[in-house]
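If you want the building blocks of each chain, they are given just below.
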Amino acid sequence: MPNRYTHTFTAGPDDIDIMGHVNNAVWVQWMEAVATAHWMQDAAPEHVERYVWVVTRHEIDYRGNIAQGQSVTAETFIPEGPIGARFDRRIDFRNDAGKAIVSARSTWAMLDKETLRLTRVSGEIAAAFAPEGGWPG
């Protein structure tokens, strides 16, 4: 099983759009927040100090929504090992009934903070996010 991270978000008044539910842009902000929190929790401090991640692609499926005051639990994990400087990350937002109402697969690229250049994800960095026994392949 992949190394997973979860976080709960509650929709506030500024998160709500004209239709009375969480705006799509807010879902993307929550994706970044949960991905960043996962990195901060599981990466070695020296890696957090040296590297930063940027999104290169989001693929999002919206199957439901929540209104102000309602909560979702975001779960994120890295389904496969890195390719060069990139990792794909999966993020699922589940409502109180446990139904995935928003799911995303995002591609993140690692940059050196000092040079802002793409940097290959080392085995040491990847290991912190791998399932027990590593990724197949």
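Residues numbered from 1 in each chain as written. Predicted model: local features only at pLDDT ≥ 70, side-chain atom pairs only at ≥ 80, totals over all residues. Heavy atoms only, no water.

## Some points on the packing of aromatic side chains
Here is step 1 of the chain: Scanning all chains against the criterion turns up nine aromatic pairs.
Here is step 2 of the chain: Taking the centre distance of 4.9 Å and the plane angle of 15° together, the rings of Phe-9 and Trp-30 count as stacked. Linking Phe-9 in strand β1 (residues 4–10) with Trp-30 in helix α1 (residues 24–42), this pair joins segments that are 21 residues apart in sequence.
Here is step 3 of the chain: Of the residues examined, Phe-9 reaches a relative accessible area of 10% and is grouped as buried.
Here is step 4 of the chain: Exposure remark for Trp-30: the relative accessible area of 8% places this residue in the buried category.
Here is step 5 of the chain: Note on Trp-27 and Trp-30: the rings are 5.2 Å apart at their centroids and 80° apart in plane angle, and the pair reads as edge-to-face. Taken as a pair, Trp-27 and Trp-30 lie in helix α1 at a separation of three residues, close to a single helical turn. Accessibility assignment for this pair places Trp-27 and Trp-30 in one class, buried. (Phe/Tyr/Trp six-rings, centres within 6.5 Å; stacked < 30°, edge-to-face > 60°. Helix = DSSP H or I, 4+ residues; strand = E, 2+ residues; numbered from the N terminus. Buried < 20%, exposed > 50% of the residue type's maximum accessible area, 1.4 Å probe, protein only.)

## Regarding the environment of Arg-86
Here is step 1 of the chain: Mapping Arg-86 onto the fold places it in strand β4 (residues 86–94).
Here is step 2 of the chain: According to the relative accessible area criterion, Arg-86 is partly exposed, its value standing at 35%.

## Digging into the sheet that holds β4
Here is step 1 of the chain: The strand order across the open sheet built from five strands is β1-β3-β4-β5-β2, with neighbouring strands paired in antiparallel fashion. The open sheet has two free edges, formed respectively by β1 and β2 (51–62), since each of these has just one partner strand. Averaged over all pairs of adjacent strands, the angle between strand axes in this sheet comes to 25°, irrespective of strand direction.
Here is step 2 of the chain: Bridging between strand β3 (residues 71–77) and β4 involves five bridges; their strand directions are antiparallel. Bridge assignment links Thr-73 to a residue of β4, and that residue is Arg-94.
Here is step 3 of the chain: Here α1 sits on the sheet and contacts β1, β2, β3, β4 and β5 (100–112); the angle it forms with β1, its principal contact strand, is near 140°. (Pairing = 2+ DSSP bridges. Axes fitted to C-alpha atoms, helices over the stretch in contact; angles between N-to-C directions. Contact = heavy atoms within 4.5 Å.)

## Overview of α1
Here is step 1 of the chain: Helix length check: α1, at 19 residues, gives a terminal C-alpha distance of 28 Å against a target of 27 Å (1.5 Å per residue), a fit within 8%.
Here is step 2 of the chain: N-capping of α1 is provided by Asn-23, with a side-chain oxygen placed 2.7 Å from the backbone N of Ala-25. (Expected span 1.5 Å × (residues − 1). Polar contact = N/O pair within 3.5 Å; in protein donor to acceptor, adjacent residues only side chain to side chain.)

## Focus: the pairing of β4
Here is step 1 of the chain: By the bridge criterion, nine bridges tie β4 to β5 in an arrangement that is antiparallel. Looking at the pairing, Arg-86 lines up with Ala-109 of β5.
Here is step 2 of the chain: Taking the residues that link successive antiparallel strands as the turn, the β4-β5 hairpin has five residues, and the phi of Gly-98 there is positive, at about 90°.

## Structural notes on the pattern of salt bridges
Here is step 1 of the chain: Taken as a whole and assessed by the stated rule, the structure comprises seven salt bridges.
Here is step 2 of the chain: For Glu-80, the salt bridge identified is with Arg-105, shortest N-O distance 3.0 Å. Here the residue Glu-80 occupies a position in the loop between β3 and β4, and Arg-105 occupies one in strand β5, the gap between them amounting to 25 residues.
Here is step 3 of the chain: Since its relative accessible area comes to 44%, Glu-80 is described here as partly exposed.
Here is step 4 of the chain: Residue Asp-88 is joined to Arg-105 by a salt bridge in which the shortest nitrogen-to-oxygen separation is 3.2 Å. One end of the pair, Asp-88, is in strand β4; the other, Arg-105, is in strand β5, and 17 residues separate them in sequence.
Here is step 5 of the chain: For Asp-88, a relative accessible area of 23% translates into the label partly exposed.
Here is step 6 of the chain: Linked through salt bridges whose partners overlap, the residues forming this network are Glu-80, Asp-88 and Arg-105. (Salt bridge = Lys/Arg side-chain N within 4 Å of Asp/Glu carboxyl O.)

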